[in-house]
Amino acid sequence: MNPREVAERLHENERKVLHALSGVGTATTEELSRLTGLARDAVEKASDWAATKGVVSFREEVSQFFTLTDEGRGYAEKGLPEQNLRKLLVHGPQEIAKLKQTFKNLNIALAWIRRNGWADIGDGVIQLTEEGKKVGDSIEERLLRALDETSLQSLEAVTEEDEALLEQLVKRKLVNKREEMTRFVAITDFGRQVVPELEKAEKVKVITQLTPEMLANGLWKGASFQRYDVTLPVPSLSPGKRHFISQVIDYIRRFWVELGFKEMKGEYLELSFWNFDALYQPQDHPARDLADTFYMKTPYSGHLPDMEMVERVKETHENGWTTGSLGWQYMWDPEVAARNCLRTHTTSLSVKQIAKLTPDDLPAKFFSCGRVFRNETIDWNHLAEFYQTDGIVIGEGVTFRDMKGYLKAYMEGLGVERFRFRPGYFPYTEMSMEAEVWTEERGEWMELFGAGMFRPEVVKPLIGIDVPVLAWGPGFDRLVMQSYKVNNIKELYTNDIGLLRRARLWTE
Amino acid sequence: MPVIEVNIEDLRELLGRDVTVEELQDRLPMMGTSWEGVTEDGFHLEVFPNRPDLLSIEGLARAYVSWTGAQTGLRSYPVKKSDYKVVVDEKTQKVRPWFVTAVVKNVEFDDPLIRSIIQMQEKLHVTHGRRRRKVAIGLHSLEPIEFPVTYTTKPPEFKFRPLGERFEKDLNWILEEMKTGKEYAWTVEGFKEYPMILDRKGMVLSMPPIINGEYTRIDEATTELFIDVTGTDLKAITEVLNVICVTLADRGAEIHEVHNHYPDGSVLTTPNLDPWVMELDNDYVNRTLGVEFTPQMSARELEKMGHGTEIEGDIIKVLIPSYRADIMHPIDLVEDVAIGYDYDNFEPEIPPISSEAGEDPLEVFSRGLRNFLVGLGLLEVVTFMMSNREKLFQRMSLPEEPICETDNPKMEAYDSLRNRLLPSLMEVLSTNKHHPYPQNLYEVDDVVVLDPSTETGARSRRRLAVALCHSSASFSEIKATMNTILENLELDAKVTEEGWECFIEGRRYTATLGGEPLCWAGEVKPEVLENWELEMPVAALEMDVDALFKNINPQK
């Protein structure tokens, strides 16, 4: 850039600094502060910016100052404890027990006298070593006294040996070390070329911030705007935002509605009847175990619904009723069915919905999206509550091929290239399917979600007729984890504000 | 679901060809199993709980050979007639009533068979047997047994020599000291006398479901077996007995019948390995699958799945093998037709169903609120509904109330359902102290309260909560937040001085609409902030979204 362009980009403070330096050539920030009338850190900032533009250069020198601490001052006046002890011992060995009563700072003295190898201790008696006898006045004491008189301005005033001892005294907390940095700023040759341009530019008024007064009074006319370096970073904003899970849930709802499905809603706390029995799960099925399901203490159990329907479900479990099935062939207990639990899947909503329908309401398509609960210990791959979503299609003439059709549309919508549907197993569906996706990195098929047609033993007792029902749950957590690169399922729900602030907008 | 380990060499021997792991990995799932991974000697396979016949490698081979078309149709498993007799004593009927048996001869115990039987027995016990209580299997050497065998009960002082012990032990010792005793004592808990199987000499074959007797120990030289299956469910134990018998028969063993005499005078002769019949309407197949198969085509697929078929017009009489525990309804046969035909071969299509679509109105309203609150610069959080009393009441300095609590939680931190939303926001604030302030949060989600008028005695309510957390968080700021929400819904609420005790007195209120509480707000008490280890003031509110919704949609 040429001097003129640079002149136009200088901030008011940079100009002041540059003008000052054009007079003296070099100055410390202290001196510049006096010359320009700016605060010291304003001068530092200005010289930082000016240096990036090449109009000044600076170097920094670190000076060290040493001063005594209170403890250090005490020893400067009265001598170091280990020296005092040593001088005492010159007259002969001493008993430590006696010393304890008379000698001040005995522990410190003992520690250092042994460290220096000046004395030996044995049988409660301390005596000087040969070396201890030879030592004279210590350098440390000399340094301490020197410091007492004036604080050392810089390390140049001491020798290398002294330097090491001073550091030791600092460690012993007898001396304080303070470092100060002095910055020397100098105008560069290029800077000297810019100065004349400054005067030219100053004749023209420069606006930093356009204000309402300038607009009202036309003061902006004939002035120019300070040019910014537009590539420099600016402070970040912290906007209000939707949680990424919440955004994905909105997306899933939109997905279902676009396919023509209507939302079903229901309760989290449900009768076992809806969560298990209406789904033809026998009462001794392992999934009904305490291990996997949250059963309620309060409220313990509820009231079974429409007794006629309950009777049909009972018969179906016991002997198949009129569904054409053999049933599970055991005694169905209404008390077990009335027990309250937290729903373990959104499929409980599906059966509740089917029970509300009459044949005149068909065909119909329903979806649900909500929380389910599993009695698990929470770790990186398991949660006690999480989101599920479920869809059902119910109507005469709905077939197995149609189920493949919906699932294929869903997979293609997800952008999955290679997928297949293989036989699966759920106690309440038959035809059951698992949708698998081919993972190239592992070279194998991975289960993604399940689907199936509700068994006649599920549907007929609820709605009274044999009508096909397709059901599937496209999975939720994995979708979110993959999109937001979250490896630990707990992170989805920990609400770490840093993560929430960084998470991108869901744009599907 | 049970996972079995398959030794590829054993499987190759049974299949009669050098099948590759790649082929099995690709095809076995299409037959109705789940691939769990390759191992050193073969692979792991997850078997569905309704197919106990696939828990043995012989069963797996049988199914695969049939499904791939190499040997289709019903297999014949003849059972030889005999005089073997077992007597079931009245005393067992109250504790472990059901007992079926079989005699198997000409067994060759080589390594693959031993591996298969041990694994199958273990998996059957855990799944079908519900950890041995519902079904328990005993395998015995036939040779020392003198018939008739009796199934009865014995008191705890009774002694016998259990498998693996050198001396006779009483039953209490066995339950308390032996490994399987400790593991399965729960199955006979509360019994005064324990089930026991003895032969005519009074020698003990086993104490089901705990342990066998040393008397009938099996080793590699054994060639004749006596099998007992006891349990609480006749159907289940029969299925298991059948599965074991056909597994052994596939290895060339001979099955002999046993007559089980029950105390009511009836005699059950087992095993019965004859097929049973279910009729399948071919029209049902076509309607369900969406295809146009002829009865012959459907029958061919059923034969690939191991069934026998006889066609009479449009009805197929299906002869279902005795080891298939999963067929309850013709739909199960339809699934077999589909698996036989191969799921991959069905052309997908989407039915032209037009139906009313849409979201639940409360959800649409909630989304509107969520999007509106973003405009106030608030950050949305999504928290757990499960909580505990300590967080809901003690930490909030709120008086305790009845809430929905679970009976059997695994973690103390999550043993109840929240009845307020605000404590969840306080928890988020308390775990985010290392992030810069201000932290202004909101959530629109559900709480659950007790309600005796509902089916379950509980009901969920939709709430909205806002927590403003920064160095100058104030009453006026949170009240202004409520005002702006209400103004934008064209609602007017009346503000009264009572309020929640977690808020500072004189700086809290309850807003009501039509006499019903709508919003609780205020500055959070410093003691409460301290309980949450927060060093930043918080002003917060909670609103009843159901009440808001009701007031803007009086007719809904």
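Residues numbered from 1 in each chain as written. Chains lettered and ligands numbered in written order. Predicted model: local features only at pLDDT ≥ 70, side-chain atom pairs only at ≥ 80, totals over all residues. Heavy atoms only, no water.

Would you explain the overall build of chain B in this entry?
A tally of regular secondary structure across chain B gives 16 helices and 30 strands. In terms of C-alpha radius of gyration, chain B reaches 34 Å, well past the compact-globule figure of 24 Å for 556 residues. Its C-alpha atoms put chain B at 90 × 65 × 50 Å along the principal axes. Among the 556 residues that make up chain B, the fraction classed as buried is 59%. A separation of at least 24 residues holds for 68% of the contacts in chain B among residues at least 6 apart in sequence. Carbon and sulfur atoms make up 47% of the accessible area of chain B, which totals about 23300 Å². Computed over 58 positive and 97 negative side-chain charges, the inter-centroid distance for chain B is 5 Å. (Helix = DSSP H or I, 4+ residues; strand = E, 2+ residues; numbered from the N terminus. Rg over C-alpha atoms; globule rule 2.2 N^0.38 Å. Buried < 20%, exposed > 50% of the residue type's maximum accessible area, 1.4 Å probe, protein only. Contact = heavy atoms within 4.5 Å. Areas by Shrake-Rupley, 256 points an atom, 1.4 Å probe, with all protein chains shown as cover. Lys, Arg positive; Asp, Glu negative; His and termini not counted. Charge placed at Lys NZ, Arg CZ, Asp CG, Glu CD.)

Honestly, the layout of surface pockets in this entry has me stumped. Any pointers?
Where empty space is left in the structure can be found by rolling a water-sized probe over the atoms. Residue and element names in this part refer to chain B. Estimates place the volume of the second largest pocket at around 870 Å³. When residues of the lining of the second largest pocket are assigned to their parent elements, the largest contribution, five residues, is made by strand β26 (residues 458-469). In the lining of the second largest pocket, the residues fall into 13 nonpolar, seven polar and 24 charged. (1 Å grid on protein atoms, 1.4 Å probe; cavity = no way out; pocket = protein on both sides within 12 Å on 5 of 7 lines; lining within 4 Å. Points joined across faces, edges and corners; volume = space filled by probe spheres on them. Nonpolar A, V, L, I, M, F, W, Y, C, P; charged D, E, K, R; others polar.)

Is there a simple way to explain a negative patch on the surface in this structure?
Taken together, the side chains of E497, E498, E501 and E505 of chain B present a region of like negative charge at the surface. Checked against the element boundaries, E501 of chain B lands in the loop between β27 (494-496) and β28 (503-513). (Patch = residues over 30% accessible without salt bridge, like charges linked within 9 Å, V, L, I, M, F, W, Y side chains within 5 Å. Salt bridge = Lys/Arg side-chain N within 4 Å of Asp/Glu carboxyl O.)

Could you clarify how one ought to interpret the sheet that holds strand β1 (residues 3-7) of chain B in this entry?
The strands making up a sheet are joined through hydrogen bonds of the backbone, oriented either antiparallel or parallel. Residue and element names in this part refer to chain B. What the three strands build is an open sheet, ordered β1-β3-β2; its pairing is antiparallel. The open sheet has two edge strands, β1 and β2 (34-38), and neither has a second partner. Averaged over all pairs of adjacent strands, the angle between strand axes in this sheet comes to 25°, irrespective of strand direction. In terms of strand pairing, β1 meets strand β3 (residues 42-46) through five bridges, oriented antiparallel. Within the sheet, the bridge partner assigned to I4 lies in β3 and is L45. (Pairing = 2+ DSSP bridges. Axes fitted to C-alpha atoms, helices over the stretch in contact; angles between N-to-C directions.)

Would you take a moment to explain the interface of chain B and chain A for this structure?
Many descriptions give the size of an interface as the accessible area lost when the pieces come together. Taken together, the 97 residues of chain B in the interface contact 98 residues of chain A. Where chain B abuts chain A, roughly 8300 Å² becomes buried across the two surfaces, and 56% of that area is made up of carbon and sulfur atoms. One salt bridge connects R367 of chain B with D250 of chain A, and the closest N-O pair in it is separated by 3.6 Å. Those elements that place two or more of their residues in the side of chain B that touches chain A are α2 (21-31), α8 (282-289), α10 (330-341), α11 (361-374), β21 (379-380), β23 (405-406), β25 (439-450) and β26 of chain B. With eight residues, the top contributor of residues to the side of chain B that touches chain A is β25 of chain B. Partitioned by chemical class, the residues of the side of chain B that touches chain A number 47 nonpolar, 23 polar and 27 charged. Where strand β11 (residues 296-298) of chain A and β23 of chain B come together, two bridges link them in antiparallel fashion. Across the sheet, M296 of chain A pairs through a bridge with T406 of chain B, a residue of β23 of chain B. (Buried area = accessible area lost by both parts, 1.4 Å probe.)

Please explain the pairing of strand β5 (residues 85-88) of chain B as it appears in this structure.
Sheet faces and side chains relate simply in a regular strand, where the side chains alternate between the two faces. Residue and element names in this part refer to chain B. Only one face of β5 is buried, namely the one carrying V86 and V88, since none of K85 and V87 on the opposite face is buried. Where β5 lies against strand β16 (residues 258-261), three bridges are found, and the strand directions are parallel. In the strand pairing of β16, K85 is matched with H259. Note that β5 and strand β8 (residues 149-154) share three bridges and pair parallel. In the strand pairing of β8, V86 is matched with V149.

I'm lost on a nonpolar patch on the surface in this one. Help?
There is a patch of nonpolar side chains on the surface, built from L210, L215, W220 and F225 of chain A and spanning about 390 Å² of accessible area. Take F225 of chain A: it is sitting in strand β8 (residues 224-225).

Got a minute to help me understand the environment of A511 of chain B in this structure?
Residues and elements named next belong to chain B. With respect to the helices, strands and loops of the structure, A511 is situated in strand β28. What makes A511 buried here is its relative accessible area of 0%. Leaving out residues up to four positions away in the same chain, A511 has contacts with M482, A493, K494, V495, E516, P517, L518 and C519.

Can you walk me through unusual backbone geometry in this structure?
The phi torsion of most residues other than glycine is negative, and most of the peptide bonds are trans. In this structure, the amide linkage connecting F147 of chain B to the following residue, P148 of chain B, adopts the cis form with an omega of 0°. Within the fold, P148 of chain B resides in the loop between β7 (135-141) and β8. In this structure, the amide linkage connecting P208 of chain B to the following residue, P209 of chain B, adopts the cis form with an omega of -5°. In this fold, P209 of chain B is placed in the loop between β12 (204-207) and β13 (211-212). For D123 of chain A, which is not a glycine, the phi torsion comes out positive at approximately 55°. Here D123 of chain A lies in the loop between β4 (119-122) and β5 (125-128). With a relative accessible area of 83%, D123 of chain A lands in the exposed category. Residues other than glycine seldom take positive phi values, yet R131 of chain B does so here, at roughly 60°.

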